Amino acid sequence: MSEHPNLSKWTELAEKQMKGKSLETLDWTTPEGIKVKPLYTAEDLEDMESVNTLPGMEPYVRGPMATMYAGRPWTIRQYAGFSTAKESNAFYHKALAAGQKGLSVAFDLATHRGYDSDHPRVAGDIGKAGVAIDSVEDMKILFDGIPLDQMSVSMTMNGAVIPILAGYIVAAEEQGVKHEQLSGTIQNDILKEYLTRNTYIYPPEPSMRIISDIMSFCSSNMPRYNTISISGYHMMEAGANSVLQTAFTIADGIEYVKAALKSGMDIDTFAPRLSFFFGIGMNFFMDIAMLRAARFLWHRAMSGFNPKNPKSSMLRTHCQTSGWSLTEQDPYNNVIRTTMEALSAVLGGTQSLHTNSFDEAIGLPTDFSARIARNTQIIIQDESNITKVIDPLGGSYYLESLTSAIIDEAQKIIDEIEELGGMAKAIESGMPKMRIEESAARKQARIDQGLDVIVGVNKYQLANEKIDFEIREVPASVRDEQIARIKEIKSTRDQAAVDKALADLRTAAEGGGNLLEAALPAVRARATVGEISDAMEAVFGRFVATTRCISGAYSSEFVADTRAIDNIKNRTNAFFDKQGRRPRMLVTKMGQDGHDRGFKVVASAYADLGFDVDISPMFQTPAEAAKMAIENDVHVVGASSLAAGHKSLIPELINELKKIGGEDIIVVAGGVIPPMDYDFLYEAGVKAVFGPGTPIPDSADKTLRLLEEKYLS
Amino acid sequence: MLKSAEVYVDGVKNGNRLMLARTITLIESALPAHQELAREIVDRLLPETGKGVRLGITGVPGAGKSTFIESFGTMLTGLGHKVAVLAIDPSSSRSGGSILGDKTRMEKLAINPDAFIRPSPSGGTLGGVGRKTRETMLVCEAAGYDVVIIETVGVGQSETTVASMVDFFLVLMIAGAGDELQGIKKGVLEVADTIVINKADGDNIQRAEIARKEYETALHMLMPASPNWSPRVLTCSSTQSTGIDTIWNTVLDHRNKLTQCGEMAFKRKEQALEWMSFLLDEGLRAWFYNNPEIKKLLPTLKHDVENRNTSPTAAADLLLKILTQ
Ligand SMILES: Nc1nc2c(ncn2[C@@H]2O[C@H](COP(=O)(O)OP(=O)(O)OP(=O)(O)O)[C@@H](O)[C@H]2O)c(=O)[nH]1
Ligand SMILES: [Mg+2]
């Protein structure tokens, strides 16, 4: 086949409609750097390896199962958890009654990082971004009335994966459910934690061993259980474009496979239980193509290990719509965004899906917003007839071209990572993190210039934002409740048995025993999540991240109109001339939340704009941040908060600053802070609050204005 | 908003963290009024200085300087020392702003009550780094920090400036792929009191040992800068905290040896004099070039010399005479 016979005629027609402008001006370079034309034809598909294949068959581009949704639709699996186990359990029961099919548990940040609720470092985090779990007693409450032999349960846990998975297994035992009956997924994807989300506990090496131990325990005891969910979602949320998400996720997968093979397992015993987790954003066709490309690439990568079982090279995935794409402004628009993204995941052929609630940029989902989110999927499944045909976009000139382009681009990065010695080594080198941060900074710059449109944020903004729906907040009493329960457990358990079990676990950590197996007796004896984590930390140590920050990417993406950023640069220079130094700002992230995208983008962009920016280590307490602000003698502290800790952590920071004489240091706050909390923060002494979506030139302008008023007038 | 020198002096003497930090800001400031106040403060604090150990650390980017200081400094506070760290960050982008991330790699030390860490954008000139860092070091000593560590990246010239203000200069290296001596300037080795091969852990231990031997050989071929001290080559792992105590013992050994024979006192005097003559040179140049009449005459005379209308000697004479009038 060659050029369409009428193509030149079409070109003529099109150019006439363009009134003299060249057709090339309609080309679009995507954030991934892929060139997209306004029209695709059959010619584009010539010699394409990934086109015209069949579902359920290699290379699985069109789906891992032969019948896909025509046989059975994807699983509606909503991720939820907040406050206490009791509250979350009640929420699960309601959701299951209303059509949800699988459970997916969100844990709070203290649990993720292996701290019990009574630990002083985590006072601001208990029950906020997920449910607080301190012991198997909490686990039992969480799954009360939910038969674990029938319900597939997915758990997002990576750091404290040993005590949590052991807790789930023991809770099932005490329901009378055998290990082999358990089905579900544990995220257990530690590599991406070092890359983006930072909810790790131990250094990479022992963490990789934990993963191998879990794979090995489950392959012999829990054959229906997915031992890992290799996740690109958090990379996308951190700013990775779709090619980066695909490449890094597949590369992570390859690294896990190599680790398992190295520990002596046979490929076909564990590879069929590897599952994936992709994030789906607003780039509609791109992310459909991404899922198809990922299946192709995984099959290609796995073929290198010569599996006998076809399931070993079949990519099965869960998807979630992008939380980052949700806006605090005009929030009902989020229903539409989530619907688009859900459709993209479905047309890409996902095996299960979480759809976000429209209020998630503001607070925790309520019964109302959770219902709309769930119904988004039910309506696609039951009302639209989309499920009737397998891979309905297969063969589309455009989509197949995009699929092939992603395959090619991602493969280049995968090869690059192989050259560095695999993903673990690549992460050590800092390469993937830098790429993601660069991609995030560029995206921010496009949004701030209005090149990427976000309705309600940089186009058609509302004059008056009004919240006319209920907002769920986690009461501070959750922490007290948890602490009371820890006390009670510790006073009623057989302490000698706990001590022995923890000592045995430590021995296993030092020697070579299976850590999951060794943790089960400790959980049965009512050792807490914190105690079990500590026992292993005593041997492994706690990992400390190296924070590096890119510079230059933000301002270099400013191509169209540089007036806003030039204005700020001039003013920071003027500040220098009058004050003898540049405006100096400490950007800090307190509490256990490890999402550092906003914090990094701000640091890097402000430096580009002429600020001297100090960045604090992750996971700081307010007192530690205050010490740093004083020593570095900054003019202003920017506190980033994404996980609902702002109401306690930020006022505490202001207090700590006062205690050591830093009352003149200005404090501003940014991140996911619901509008109804602004006044509370202003009263506490915060001088400016920047909600999600605030363009950086705007926040920098306002911050600088505060400094100018104070120092230059 | 400026307070009197008194307030700063008392604050620093009392070890007040805030006042120490604000004094450093004055020292670093580009404003003449701030600099003047800073000079007065430093002068009045001078009697309180001089008792500490002054350490300079350099190495290529990523050698592990900050990680080393985290481990080293934590050990020192454990021994009862108070540690100040001055991190000079040479990076500044086109706009002039910079990202100061040193504390993210000194997480434990950053929250240690016996430690004070101050990252500084180097911003201005080389002389600037010299002046600011030297004075900052002095006020840290006056505030009771008995070990002052200066971290500087081993590119450019800041490391020789730093070497000329410390008692002990440590060069941190990593074992590379063979050509060890590439990438690091010979000049740096000449001023090193000890070379440490960092990251001697995991599969890297052997390579570090090989590199250690290579550096030892290389050092043998150089004339030691001091007759009383032959530079050593050691290995350590900053992440595992191994070999760190040996380095501190080496610093103490160096200190004992040089103190006993009087070289330490001599070195400090020498450094002070060198610094004074550097400042004199700088001052004279500034004085000369800022003279309005010279500013006016200089371009014409340059032109004349170029076109051989005047001899260089005559032109220089003429200009210098203006100053003495
Ligand atoms: N394996 C190993 N890694 C180390 C060691 N010391 C530092 N690193 C790693 O090397 C990287 C660079 O360390 P830094 O301490 O930031 O190096 P630096 O010399 O201060 O770097 P700049 O300040 O950017 O010039 C980090 O990823 C550290 O974790 C060590 O002893 N062993
Ligand atoms: Mg450093």
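Residues numbered from 1 in each chain as written. Chains lettered and ligands numbered in written order. Predicted model: local features only at pLDDT ≥ 70, side-chain atom pairs only at ≥ 80, totals over all residues. Heavy atoms only, no water.

## A look at the interface of chain B and chain A
Across the boundary between the two partners, chain B contributes 33 residues, which contact 45 residues of chain A. Summed over both partners, the interface of chain B with chain A buries about 3000 Å², with 53% contributed by carbon and sulfur atoms. Summed over the shared surface of chain B and chain A, the result is 4 salt bridges. For R17 of chain B, the salt bridge goes to E631 of chain A, with nearest N and O atoms at 2.6 Å. (Contact = heavy atoms within 4.5 Å. Buried area = accessible area lost by both parts, 1.4 Å probe. Salt bridge = Lys/Arg side-chain N within 4 Å of Asp/Glu carboxyl O.)

## Topic: the side chain of S369 of chain A
Residues and elements named next belong to chain A. Mapping S369 onto the fold places it in helix α14 (residues 367–383). Among the polar contacts made by the side chain of S369, one reaches the main-chain amide nitrogen of T366 at a distance of 2.9 Å. Those residues within four positions of S369 in sequence are excluded, and the remaining contacts are S357, F358 and D359. (Helix = DSSP H or I, 4+ residues; strand = E, 2+ residues; numbered from the N terminus. Polar contact = N/O pair within 3.5 Å; in protein donor to acceptor, adjacent residues only side chain to side chain.)

## Some words on the coordination of the magnesium ion (ligand 2)
The coordination sphere of the magnesium ion (ligand 2) contains the protein donors S66 of chain B (OG) and E151 of chain B (OE), at a distance range of 2.0 to 2.4 Å. With a gap of 85 residues between them, S66 of chain B in helix α4 (residues 65–78) and E151 of chain B in strand β5 (residues 147–153) connect regions that are remote in the sequence. (Donors = N, O, S within 2.8 Å, 3.2 Å for Na, K, Ca; no water.)

## Side note on the pattern of salt bridges
Residue and element names in this part refer to chain A. Under the criterion given, the structure shown has 52 salt bridges over all chains. Ionic pairing is found between D213 and R209, a salt bridge with its closest N-O pair at 3.5 Å. Linking D213 with R209, this pair stays in helix α8 (residues 204–221), spanning 4 residues, or about one helical turn. Across the pair R542 and E537 runs a salt bridge, and its minimum N-O distance is 3.2 Å. The network of salt bridges with common partners includes R62, R292, D391 and E400.

## Observations concerning the site of ligand 1
Residues in close proximity to ligand 1 total 19 residues, the closest being K65, T67, R105, D201 and S238 of chain B. Surrounding ligand 1 are residues belonging to chains A and B, so the site spans chains. With respect to ligand 1, the backbone of G62 of chain B contributes an N or O atom lying 3.1 Å from an oxygen atom. At a separation of 2.8 Å, an oxygen atom of ligand 1 approaches a polar side-chain atom of K199 of chain B. Burial of ligand 1 by the protein amounts to 80% of the accessible area it has alone, namely 650 Å². The set of elements that each furnish at least two residues to the shell around ligand 1 consists of α4 and β5 of chain B. (Near = heavy atom within 4 Å. Areas by Shrake-Rupley, 256 points an atom, 1.4 Å probe, with all protein chains shown as cover.)

## Concerning the domain arrangement of chain B
Splitting chain B by domain gives domain 1 (1–48), domain 2 (49–260) and domain 3 (275–322). The C-alpha centroid of domain 3 of chain B is placed 35 Å from the C-alpha centroid of domain 1 of chain B. (Domains from an automatic or database assignment.)

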